[in-house]
Amino acid sequence: MLKHLMSPTKIGNLELRNRIAMAPMGVEIVEADGIIREPTLRYYEERARGGAALLISENTAACYPRGANSAHEIGVSSDLFLPGLTALAEVVHRHDSKIAIQLAHHGKVARLDTQQGRELLMPSQPRPQPRSTEPLSLSREEIQLMAKAAGGKKPVIHEATPLDLEQLAEDFADAALRAKRAGIDAVEIHGAHGYIFSEFHSPAWNFREDEYGGSVGNRSRLLCNVIRACREKVGPDFPLWARIDAVEFDVPDGITLEDAARRAELLEEAGVDAVHVSAYANPLGPGFTKAPIVHYMAGFVDFAAKIKEHVSVPVITAGRIEPDEGNRIIGEGKVDIISMGRKLLADPDLPKKLAEGRQNEIRPCIYCYICVAQPFFDRKVRCAVNPAAANEIEYADLLRSKTTNAKRVLVVGGGPSGLEAASIAAMRGHDVILCEKSASLGGTLRFAALPYEPNENLLNYLETRIGKLPVDIRLQTEVTPKFIKELAPDVVLAAVGPRREKSRIPGADRDHVFDGDTLRDLLTGEGSTEVEAQLSLTARLAVRAGRLTGVTNSPSKLRQASKAYMPMGKRIAVIGGGLVGAELAEFMAERGREVHVFEEGAVLALEMAHPRRWRVLYDLREAGVSLYSETRVLEIKDKTIRFEPTSQDKPAQEIEIDGVVIATGLIANSETVEILREAGPPVVVIGDAGGVGYLDGAIEDGFKAAIALN
Ligand SMILES: Cc1cc2nc3c(=O)[nH]c(=O)nc-3n(C[C@H](O)[C@H](O)[C@H](O)COP(=O)(O)O)c2cc1C
Ligand code: SF4
């Protein structure tokens, strides 16, 4: 039991049963009128039921539709929104949780203003920002979607007048009072993330010469005025606080920690009951994964601890904080409350599982950034590991209830899709047999766990979950039509994985060329003698030793061991710069290899959600990996590789290499599926067997197929 994290606390007079708050997340479930209805209620209800002491709502528009980021943002600007807000408070209270509404005005990114032809409110006319030297790494489709979400027009900036700012404070105060009338427990003013208050705070955006610009006191004046105006309306006892940026990363003249600490003091004087610490960076590019959606573990904790030295009210912070870490930093007095965002999208029951000592049953977030990629396109959030997230209205009750039409279900394949399908089907009360032809569960996920550690957490979770369910798991079992006939299932879920096409690149059959399958076999110890024959004697012995000692069964042990020894030469060419190629390149570069990645398409790592893509490509470049997009490999020779650009009229080049990994060529596996169909029972194809959909696609497919069994 994590005694500090799970201990009760208070914000003002708001009593909290533990120190876990759900961080605000713009999930955009509401329709384009800003009104809370059943789908939003169910999303929040699941998280209240899951045991978080406090839910901080997604950003809501205090002046809706003005200042909103999307038409799908919750509105709080008139009594039209009151019934929805009241219902929200009720469903959360039903589960002894508390709810704060995050009130926002999005300033320069109030996309709805541009969409609807209004000017954007900002402290000053912006000055040209230094251009990032990083390539944008977005597909044409992504750029079009973002442009559409941003209103499809050039934004017009309106420099806020003192009258505008008085009106803003009044609007926020009205919205805060409305929240209170609705029975909402508290209000958080969104003073971070480059929105209006953050813009006023930042010397990079605020060039005013009046009382709202210049000194930190002046730049904090607007937010302090808003706090005072809200306090006056909601009274002294209603919990009210602000979220602020501790820093603006990589922004010349951006917010500094010293500034933020002083701002926190001023906010306390203005009457806040807590300070919620976040941070900001340029949102287009790798900066976005520094802040606000931080990719480093516990990325903002030191900032929060510094700010805590300056205030006497509780300090909340977010940012990839694992429960053990959260417990530790609360114990050390660095912060008071941990707000968790992505973890509670992935598993709303996380706090309950911690309280019940079931930490190993928590479905882990894999930090893939798929969720937060959606708002860029003005789409509802989705989660790679939890297909029910933001679809609670459809699935939450089903997942808690048993089927009245139990079927005998044969799942063929123990990769992520098969594991998800088998587990959900068993949870729903079906009679499930899962057959896997190899000696271990996990399929492609086991291999994907090697270069990317969070995938191993997911693998462990999927294995633990199925291990606790009444699923008949048969490893090293090849499924044939005869086998199916004998087993006589009502339905077969074919999670047989993709098929790999042989590469047509001349030289692809050389001994120093591996494809994803042979490399996986080699590294995970499932190697055939054929694969081993490609290796030197020393390499063969090392692989066998790994297998005998069990090292090759465990991704984490293998990850460690491969730092000391990897049966691949010094200079590696990776052909195919998609998700798999990019992850492998990172893995090899971390192991001291000189890596060159060749991709025919214009955008590398296209299958990654773009924020993660930005981070991975940036890290690869920093690690010295050579990335070639729009480049075709012409030939693999003994010691060299020859390639040419596809989009420019430039001559072919040749570079020296010692080993090649081909990370392309996965296709749907219709041949295996056809064989399964011969047996007679209906076959439903799931996961990569039906077309490569990566981890999120595989899990979603497995989940939906299991639900569709009824
Ligand atoms: C899908 C998504 C939407 C978010 N929307 C908001 C928001 O509306 N308001 C806000 O202050 N922060 C927002 N954030 C940032 C989170 O509150 C949190 O600070 C961040 O995700 C880091 O915490 P985590 O590592 O626990 O996810 C969002 C994050 C995600 C993943
Ligand atoms: S989509 Fe990915 S990053 Fe977001 S919550 Fe789910 S697993 Fe985590």
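Residues numbered from 1 in each chain as written. Chains lettered and ligands numbered in written order. Predicted model: local features only at pLDDT ≥ 70, side-chain atom pairs only at ≥ 80, totals over all residues. Heavy atoms only, no water.

J.: What should I look at first to understand a nonpolar patch on the surface in this one?
T.: Where nonpolar side chains cluster on the molecular surface, the patch consists of L136, I143 and L284 and spans about 250 Å² of accessible area. One can find L136 in the loop between β7 (120–122) and α4 (140–149). (Patch = residues over 30% accessible without salt bridge, like charges linked within 9 Å, V, L, I, M, F, W, Y side chains within 5 Å. Areas by Shrake-Rupley, 256 points an atom, 1.4 Å probe, with all protein chains shown as cover. Salt bridge = Lys/Arg side-chain N within 4 Å of Asp/Glu carboxyl O. Helix = DSSP H or I, 4+ residues; strand = E, 2+ residues; numbered from the N terminus.)

J.: For this particular structure, what's the right way to read the site of ligand 1?
T.: Not every one of the 20 residues close to ligand 1 is listed here, only the nearest: P24, N59, R243, R320 and R342. For ligand 1, an oxygen atom lies 3.3 Å from a polar atom in the backbone of G319. Within the contact set of ligand 1, an oxygen atom lies 2.6 Å away from a backbone nitrogen or oxygen of R320. A total of 600 Å² of accessible area belongs to ligand 1 in isolation, and the protein chains cover 96% of it. Per-class residue counts for the shell around ligand 1 are 10 nonpolar, 7 polar and 3 charged. (Near = heavy atom within 4 Å. Polar contact = N/O pair within 3.5 Å; in protein donor to acceptor, adjacent residues only side chain to side chain. Nonpolar A, V, L, I, M, F, W, Y, C, P; charged D, E, K, R; others polar.)

J.: Can you walk me through the environment of W614 in this structure?
T.: Take W614: it is sitting in helix α24 (residues 610–622). The spacing of W614 and G285 is 329 residues in sequence and 5.6 Å in space, taken between C-alpha atoms.

J.: Is there a simple way to think about the sheet that holds strand β24 (residues 640–645) in this case?
T.: Pairing between the strands of a sheet comes from backbone hydrogen bonds, and it takes one of two forms, parallel or antiparallel. Judged by pairing direction, the sheet is antiparallel, and its 3 strands sit side by side in the order β23-β24-β25 without closing on themselves. At either end of the open sheet lies a strand with only one pairing partner, and these are β23 (631–636) and β25 (653–656). Along the sheet, successive strands turn relative to each other by an average axial angle of 30°, direction set aside. (Pairing = 2+ DSSP bridges. Axes fitted to C-alpha atoms, helices over the stretch in contact; angles between N-to-C directions.)

J.: Sorry, what's going on with α24 here?
T.: Because each turn of an α-helix spans 3.6 residues, side chains separated by three or four positions end up pointing in the same direction. Spanning 13 residues, α24 covers 18 Å between terminal C-alpha atoms, matching the ideal 18 Å at 1.5 Å per step. Among the residues of α24, H610, P611, R612, R613, W614, R615, V616, L617 and L620 are the ones counted as buried. Residues of α24 that are buried in the fold lie against α4, α13 (370–373), α23 (579–590) and β22 (626–628). Where α24 terminates, the next one or two residues include G624, which has phi positive at roughly 85°. (Expected span 1.5 Å × (residues − 1). Buried < 20%, exposed > 50% of the residue type's maximum accessible area, 1.4 Å probe, protein only. Contact = heavy atoms within 4.5 Å.)

J.: How should I be thinking about the packing of helix α1 (residues 38–49) against helix α2 (residues 82–93) in this particular structure?
T.: When two helices pack together, their arrangement is given by the angle between the helix axes and the distance between those axes. With their axes 8 Å apart at the nearest point, α1 and α2 run at an angle of 25° to one another. In this view, α1 runs roughly parallel relative to α2, as classed from their interaxial angle. Judged by the twist between their axes, the crossing of α1 over α2 is right-handed. Of the residues in α2, those touching α1 at L41, Y44, E45 and A48 are G84, A87, L88, V91 and V92. Considered class by class, the residues forming the contact of α1 with α2 number 7 nonpolar, 1 polar and 1 charged. (Parallel < 35°, antiparallel > 145°, perpendicular 65-115°, else oblique. Left-handed = near helix turned anticlockwise from the far one by under 90°.)

J.: Looking at this structure, how should I read the site of ligand 2?
T.: Close to ligand 2 lie 13 residues, the nearest being C365, C368, C371, C383 and A384. The pocket occupied by ligand 2, as judged from atoms lying within 2 Å of grid points, is the largest cavity. Listing elements by their share of the shell around ligand 2, those giving two or more residues are α11 (342–346) and α13. Counted by class, the shell around ligand 2 contains 11 nonpolar, no polar and 2 charged residues. (1 Å grid on protein atoms, 1.4 Å probe; cavity = no way out; pocket = protein on both sides within 12 Å on 5 of 7 lines; lining within 4 Å. Sits in = over half its atoms within 2 Å of the grid points.)

J.: Is there a simple way to explain the pairing of strand β10 (residues 240–249) in this structure?
T.: Along a regular strand, successive side chains alternate from one face of the sheet to the other. In terms of residue burial, β10 counts as a mostly covered element, since 9 of its 10 residues are buried. As defined by bridge partners, strand β9 (residues 186–191) adjoins β10 across 5 bridges and the pair is classed as parallel. If you follow I189 over to β10, its bridge partner there is A242. Alignment of β10 against strand β11 (residues 275–281), held across 6 bridges, turns out to be parallel. When the sheet's bridge partners are listed, E248 is paired in β11 with Y280.

J.: Hey, could you run me through the sheet that holds strand β21 (residues 594–598) in this one?
T.: One open sheet holds the 5 strands; their spatial order is β19-β26-β20-β21-β22, and the pairing between them is parallel. The sheet is open, and its two borders are formed by β19 (513–515) and β22, each paired with just one other strand. Pairs of neighbouring strands in the sheet enclose a mean axial angle of 20°, with direction left out of account. With respect to the sheet, α23 is in contact with β20 (571–575), β21 and β26 (659–662), its orientation differing from that of β21 by roughly 170°.

J.: Sorry if this is basic, but what is going on with the nonpolar core here?
T.: Ranked by internal contacts, the top residues of the largest apolar core, which has 171 residues, are L103, F172, I189 and W241. Shared between two domains, this core takes at least three residues from each, and those domains are domain 1 (9–395) and domain 2 (402–500 + 667–708). Excluding residues that lie within four positions of it along the chain, L103 makes contacts with T60, A62, V76, F172, A175, A176, V187, E188, I189 and H190. In terms of nonpolar packing, the next biggest core, distinct from the first, is built from 27 residues, L519, L579, A585 and F587 among them. (Core = buried A, V, L, I, M, F, W, Y, C linked by side-chain atoms within 4.5 Å. Domains from an automatic or database assignment.)

J.: Explain the domain arrangement of the chain here, please?
T.: One frequent convention defines the size of an interface as the accessible area lost when the parts assemble. Per the domain assignment, the segments of the chain are domain 1 (9–395), domain 2 (402–500 + 667–708) and domain 3 (513–664). Contact residues are listed per partner, giving 17 residues for domain 2 and 22 residues for domain 3. Summed over both sides, the interface between domain 2 and domain 3 buries roughly 1,700 Å², with carbon and sulfur atoms accounting for 60% of that surface. If you sort the residues of domain 2 by the area they bury against domain 3, F447, L450 and R500 come out on top, with a joint share of 44%. Counting the contacts that link domain 2 with domain 3 gives 3 residue pairs in polar contact (both at pLDDT 80 or more). When residues of the side of domain 2 that touches domain 3 are traced back to their parent elements, those giving at least two are α16 (444–448) and α17 (453–467). Across the side of domain 2 that touches domain 3, the residue classes tally to 9 nonpolar, 4 polar and 4 charged. (Buried area = accessible area lost by both parts, 1.4 Å probe.)

J.: I would appreciate a short explanation of empty space enclosed by the protein in the present structure.
T.: In this approach a probe as big as a water molecule rolls over the atoms, and the regions it shows empty are the leftover space. As enumerated under the stated definition, the model contains 2 cavities of 30 Å³ or more in all. Of the voids in this model, the largest cavity is the one considered here, and its volume is about 100 Å³. As for the largest cavity, its lining consists of 14 residues, of which C365, C368, C371, C383 and A384 are closest to the centre. Taken together, the elements giving at least two residues each to the lining of the largest cavity come down to α11 and α13. By residue number, the principal contributor to the lining of the largest cavity is α11, which donates 3 residues. Here the residues of the lining of the largest cavity are counted per class, giving 12 nonpolar, no polar and 2 charged. (Points joined across faces, edges and corners; volume = space filled by probe spheres on them.)

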